[in-house]
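# Structure assessment
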Amino acid sequence: MASEPASMVKSSLESPLFKDYQIQQFFDEMFDEQGQVRPAYQALARRLGQLSPEEFARRQAAADLSFLHQGITFTVYGGQDETERIFPYDLLPRVLAASEWDEVERGLKQRITALNLFLADIYDQGKILADKKVPLELVYSCKHFRREMRGVRVPRGVYISIVGSDLVRTDGGRFAVLEDNLRVPSGVSYMLANRQVTKRVFPRLFRDYDVRPIDHYGQALLTTLRSLAPHDRPDVTIVLLTPGVYNSAYFEHAFLARMMGIQLVEGRDLVIHDNLVYTKTTSGLRRVDVIYRRIDDDFVDPLAFRRDTMLGVAGLFNAYRHGNVTLANAIGTGVADDKAIYAYVPEMIRYYLGEDPILDNIETFLGWDPKQCK
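Reference entry: report on the structure contained in this document. On a predicted model such as this, the values are computed, not experimentally measured, just so you know.

Taken together, the four strands give an open sheet; going across it, the order is S6-S5-S10-S11, and neighbouring strands pair in parallel fashion. Strands at the two margins of the open sheet, each flanked by one partner only, are strand S6 (263-265) and strand S11 (326-328). Direction aside, neighbouring strands of the sheet carry axes that sit 30° apart on average. The sheet contact formed by strand S10 (residues 290-293) and S11 spans three bridges and is parallel. Bridging from a neighbouring strand, Tyr292 pairs with Ala328 of S11.

Further remarks concern unusual backbone geometry. A cis amide bond links Ala328 with the next residue in sequence, Asn329, at an omega value of 0°. Mapped onto the elements of the fold, Asn329 is located in the loop between S11 and helix H11 (345-353). A positive phi is found at Lys132, a non-glycine position, where the angle reads about 60°. Inspection of the secondary structure puts Lys132 in the loop between helix H4 (127-130) and helix H5 (136-140). In this structure, Asp274 takes a positive phi of about 55° despite not being glycine. Examined against the element boundaries, Asp274 turns out to sit in the loop between strand S7 (270-273) and strand S8 (276-281).

Scanning the model with the defined rule gives 21 salt bridges in all. A network of salt bridges, in which partner residues are shared, links Glu29, Arg94, Glu100 and Arg169.

Within the secondary structure, Met259 is located in helix H9 (residues 250-260). Separated by 228 residues in sequence, Met259 and Phe31 have C-alpha atoms that sit 37 Å apart. Ignoring sequence-local partners within four residues, the contact set of Met259 consists of Leu192, Tyr217, Gly218 and Gln219.

Because side chains alternate across strand S5 (residues 238-241), one face comprises the buried residues Ile238 and Leu240, and the other comprises Val239 and Leu241, equally buried. When S5 meets S10, the two strands line up parallel, connected through four bridges. Among the inter-strand pairings, Leu240 is bridged to a residue of S10, identified as Tyr292. Bridge count for S5 against S6 is three bridges, and the pairing is parallel. From the neighbouring strand, Leu241 faces S6, where its bridge partner is Val265. Remark: the S5/H9/S6 crossover connection has right-handed handedness.

Rules used in this analysis
Residues numbered from 1 in each chain as written. Predicted model: local features only at pLDDT ≥ 70, side-chain atom pairs only at ≥ 80, totals over all residues. Heavy atoms only, no water. Pairing = 2+ DSSP bridges. Helix = DSSP H or I, 4+ residues; strand = E, 2+ residues; numbered from the N terminus. Axes fitted to C-alpha atoms, helices over the stretch in contact; angles between N-to-C directions. Salt bridge = Lys/Arg side-chain N within 4 Å of Asp/Glu carboxyl O. Contact = heavy atoms within 4.5 Å. Buried < 20%, exposed > 50% of the residue type's maximum accessible area, 1.4 Å probe, protein only. Right-handed = clockwise from strand over helix to strand, strands pointing away.

In structure tokens:
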């Protein structure tokens, strides 16, 4: 979309919605340091200039009610009343120019590729540890490092097929990675629901901005999971393994299973026989090829990990180790999203890919390095 000259675009700071808004010293998504609307936000600024505070509040309330009626909730643990709440929703969309998103996409692909190579390396030959690019004792002392995974041949060599990386803006406005979530990433369903609500609240904006669609996410995820199935399986069966209705992200589990058209199962719905995994159906047992697990490592298999859990499936890890079923993500991926190992991800990118990182880390200090302690 061709942007209009700044003189033709009314600054939203002058609209009633922003009369008390102050530009802070941090990077502002919508306004530059002079209070002018950034180019990517000009169409949104014009639309907001037509809304009164009362109309804006009415639309926010309508969006919140839509979330409530759809059951788009999450559970907050640790408070006095552990209860379900609707997911927080900001009526103002974040707008990224295509060129900016392209850089983020390339940076995430680069980072995820390096992290996958790191996991394959440390559970096999450990070259990066032998070359002292990452401290050996740091990896082996990490609580998420699974010695049981040493020598296990992961299908297609893919340890992490679903990743949730948290991004933040630096003072200069560039994106940086705050952390990598590689074990059981959660939250994509809320993003998909946000998009649907925003399209109803600001329908013309999507036409004006030519927003890239995300409606294909379910099929893209299903294709990814299907590609991980064992080679000799012509009719692939995929299930989503959930801890159950009391899990904080159960809405997402049900949402994604429905979107992909796959069975949502709990541990009690699966059985192991001769190191093969089967799911119980109304027509009998059906072999399972891929499990999209939403259960942490500790609870996957009481025979291999925590013996006091009833969430997982006894014998599942042995079936996995024999290559008869694929788990997405693989067991033991948490070592690569450890907060200290995070500091070495730029070095991993250089070591495995021979490239400089496209996305920076947040500056992180390691307490055992005397230079950094100073």
